[in-house]
Structure formats: C-alpha cells, structure tokens
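Per-entry structural report
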Amino acid sequence: GDSVTQMEGPVTLSEEAFLTINCTYTATGYPSLFWYVQYPGEGLQLLLKATKADDKGSNKGFEATYRKETTSFHLEKGSVQVSDSAVYFCALTQGAGGTSYGKLTFGQGTILTVHP
Amino acid sequence: SAVISQKPSRDICQRGTSLTIQCQVDSQVTMMFWYRQQPGQSLTLIATANQGSEATYESGFVIDKFPISRPNLTFSTLTVSNMSPEDSSIYLCSVETGQAGSQYFGPGTRLLVL
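Residues numbered from 1 in each chain as written. Chains lettered and ligands numbered in written order. Predicted model: local features only at pLDDT ≥ 70, side-chain atom pairs only at ≥ 80, totals over all residues. Heavy atoms only, no water.

Here the focus is the layout of surface pockets. In this approach a probe as big as a water molecule rolls over the atoms, and the regions it shows empty are the leftover space. Of the pockets and cavities examined, the largest pocket occupies roughly 370 Å³. At the level of secondary structure, the elements contributing two or more residues to the lining of the largest pocket comprise β10 (86-93) and β12 (110-115) of chain A together with β9 (89-96) and β11 (109-113) of chain B. Split by residue class, the lining of the largest pocket holds nine nonpolar, twelve polar and two charged. (1 Å grid on protein atoms, 1.4 Å probe; cavity = no way out; pocket = protein on both sides within 12 Å on 5 of 7 lines; lining within 4 Å. Points joined across faces, edges and corners; volume = space filled by probe spheres on them. Helix = DSSP H or I, 4+ residues; strand = E, 2+ residues; numbered from the N terminus. Nonpolar A, V, L, I, M, F, W, Y, C, P; charged D, E, K, R; others polar.)

As a further point, take the pattern of salt bridges. Tallying each qualifying case throughout the model produces six salt bridges over all chains. Residue Lys56(A) pairs with Glu63(A) through a salt bridge whose shortest N-O separation is 3.7 Å. Judged by relative accessible area, Lys56(A) falls into the exposed class, the value being 52%. Notably, a salt bridge pairs Lys65(B) with Asp87(B), separated by 2.7 Å at the nearest N-O pair. A residue pair is termed long-range when its members are at least 10 positions apart, and Lys65(B) in the loop between β6 (56-57) and β7 (68-72) and Asp87(B) in the loop between β8 (75-80) and β9 qualify at 22 residues. (Salt bridge = Lys/Arg side-chain N within 4 Å of Asp/Glu carboxyl O. Buried < 20%, exposed > 50% of the residue type's maximum accessible area, 1.4 Å probe, protein only.)

Counting residues at the interface gives 19 residues for chain A, matched by 20 residues for chain B. Where chain A abuts chain B, roughly 1,500 Å² becomes buried across the two surfaces, and 55% of that area is made up of carbon and sulfur atoms. The interface formed by chain A and chain B contains one salt bridge. Between Lys103(A) and Glu58(B) there is a salt bridge, and its shortest N-O distance comes to 3.0 Å. Contributing elements (two or more residues each) for the side of chain A that touches chain B: β5 (32-38), β6 (44-50) and β10 of chain A. In terms of residue count, the dominant contributor to the side of chain A that touches chain B is β5(A) (four residues). Taken together, the residues of the side of chain A that touches chain B break down into eight nonpolar, nine polar and two charged. (Contact = heavy atoms within 4.5 Å. Buried area = accessible area lost by both parts, 1.4 Å probe.)

For the rest of this paragraph, the subject is the side chain of Ser89(B). Within the element layout of this structure, Ser89(B) appears in strand β9. In this view, Ser89(B) contacts Arg36(B), Gln37(B), Gln38(B), Thr109(B), Arg110(B) and Leu111(B); residues no more than four positions away in its chain are not counted.

Before going further, it helps to examine a nonpolar patch on the surface. All names here are of chain B. Residues Ile12, Leu112 and Leu114 make up a contiguous nonpolar surface patch of roughly 290 Å² in combined accessible area. Relative to the assigned elements, Ile12 resides in strand β2 (residues 10-13). Residue classification places Ile12 among the exposed positions, given a relative accessible area of 56%. (Patch = residues over 30% accessible without salt bridge, like charges linked within 9 Å, V, L, I, M, F, W, Y side chains within 5 Å. Areas by Shrake-Rupley, 256 points an atom, 1.4 Å probe, with all protein chains shown as cover.)

For the rest of this paragraph, the subject is the sheet that holds strand β3 (residues 19-25) of chain B. All names here are of chain B. Taken in spatial order, the four strands line up as β1-β3-β8-β7 in an open sheet, and their pairing is antiparallel. Looking along the sheet, the strands with just one partner apiece sit at the ends: β1 (4-7) and β7. For this sheet, the mean angle separating the axes of adjacent strands, direction not counted, is 15°. Inspection of the sheet shows β7 paired to β8 by three bridges, in the antiparallel sense. The residue of β8 that forms the bridge with Ile68 is Leu78. (Pairing = 2+ DSSP bridges. Axes fitted to C-alpha atoms, helices over the stretch in contact; angles between N-to-C directions.)

Our focus in this paragraph is the packing of aromatic side chains. Applying the stated criterion across every chain yields a total of eleven aromatic pairs over all chains. Judged by centre distance (6.1 Å) and plane angle (85°), the ring pair of Tyr25(A) and Tyr66(A) falls under edge-to-face. Of this pair, Tyr25(A) sits in strand β4 (residues 23-26) while Tyr66(A) is found in the loop between β8 (62-65) and β9 (75-77), placing the two residues 41 residues apart along the sequence. For the pair formed by Tyr25(A) and Tyr66(A), the shared burial category is buried. Between Phe61(B) and Phe66(B) the ring centres are 5.6 Å apart and the planes differ by 65°, which places this aromatic pair in the edge-to-face class. Neither residue differs from the other here; Phe61(B) and Phe66(B) are each classed as buried. Following the ring pairs from residue to residue traces out a cluster consisting of Phe34(A), Tyr36(A), Phe89(A), Phe106(A), Tyr35(B) and Phe105(B). (Phe/Tyr/Trp six-rings, centres within 6.5 Å; stacked < 30°, edge-to-face > 60°.)

All names here are of chain B. If you trace the backbone, Gly108 turns up in the loop between β10 (103-105) and β11. Overall, Gly108 belongs to the buried group, its relative accessible area being 5%. Distance in space between the C-alpha atoms of Gly108 and Ser18 is 17 Å, their sequence separation being 90 residues. Those residues in contact with Gly108 that lie beyond four places of it in its chain are Gln6, Pro8, Ser9, Ile90, Tyr91 and Leu92.

Take a look at the structure:
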C-alpha cells in the first residue's frame, strides 16, 4: 500500500536558519502530494501541494518540489521564524479512479521548534 | 477552501459510554472523511462518508464501533461506541474540495476516556 516517510524529529533551529524536512513516498500511479501544518493547539492546515512531477508548491515562504525520480517532496524554507514552530506532515492521495481515492496517507510528522 | 466546525471541541468520558461528534461545513461537499490522531501520532483515516451511501471503513475500523451518519451535503456525525481508554485521541473531520484532492480539516475533537 501507499506510505509516506518523513525525517525524524524534532528539529530545532535558530531564527533565520534554513529549513529542510525530508519526505519520501511509496505509491502506485501518480499521487498528489501535500504538506500540512499543525500549530500548537490548532487544527491541521493545508500548507502547499503539488499534483504532478516537477510541480513546485509554495506558500508562506515554504516550497516543495514533486520529484518522481526520487519519490520525494522535501519541504524547504530559506529563513524560518519563531512563528513557524509547529508539526509538519507530509501526505499523499491517489487520483480519481483509484480504489483509495480521497484517502490521505500521512507521514509520522516532524516537530519543528524555532528559537529567537 | 471550506470552513469546518466540530462539536464538541473536547470531552472527558467514562469507559463503556458513547460519544457522538458533529461536523458541519459551510458549503455543500460530496466527500467527507473522519480521521483519528492518537497522542503523539500521525493521522489515520477511519472512514469516508459520502452523502446517500454507506460509509466506507478502512482496515481496522468497523461500523459497530464507529457508526457514521451523513444526512446531507453539509453535515456528518461520527459516534465512538463503547469507549475504552485506547479511544483517547483527537478525532478530525475533513472535506475534499475537488481541487486536486485538497482536503480541509476541522479543528478536531479531543477525547479523553477514563
């Protein structure tokens, strides 16, 4: 079945540092890929997405590129802020017509803490 | 996107009892989903609820334990039946907007079973 693997955390950075959170996936076909963020005490928010190979999703200074050759969707940000402290989840879903259509498969989550 | 609300936001329940969680969306959607997030863990899909049909459950989840209703295109309920402490989790509903499978989540219901 489909699976998503994220780099183990927690990740601790100083403000303005560069961030990379690795995400690789195993899936049949051509899944869509997502990053979700969960701020402390809040619900899950869609951060960015990419639906086909070489697509780059971006939002709030975060970026991730859909790399089919390496089955990866690494999250990056050039300069993190204290307010970016949260749990980040990589996820995938299969397209229409698949037996698992609509089901989001999540990675285990990576805790990011940014210090001033 | 969609605005999703859930009730209750949190609850503390005794083992053996049942709790019904409500999920309300501000627009009509075809697909709604229920997820569970156990403490310190990732999210796991419980079931998919489409209006007008029976919910589809994932492996490891059964209708007797997690009955779901979907009476219209903006509302769904999930019941956690005959609860045990292992059911202590955050339960989240989500909707699929049709935009390349993007799903938007409600704020979650934090359940503690004693």
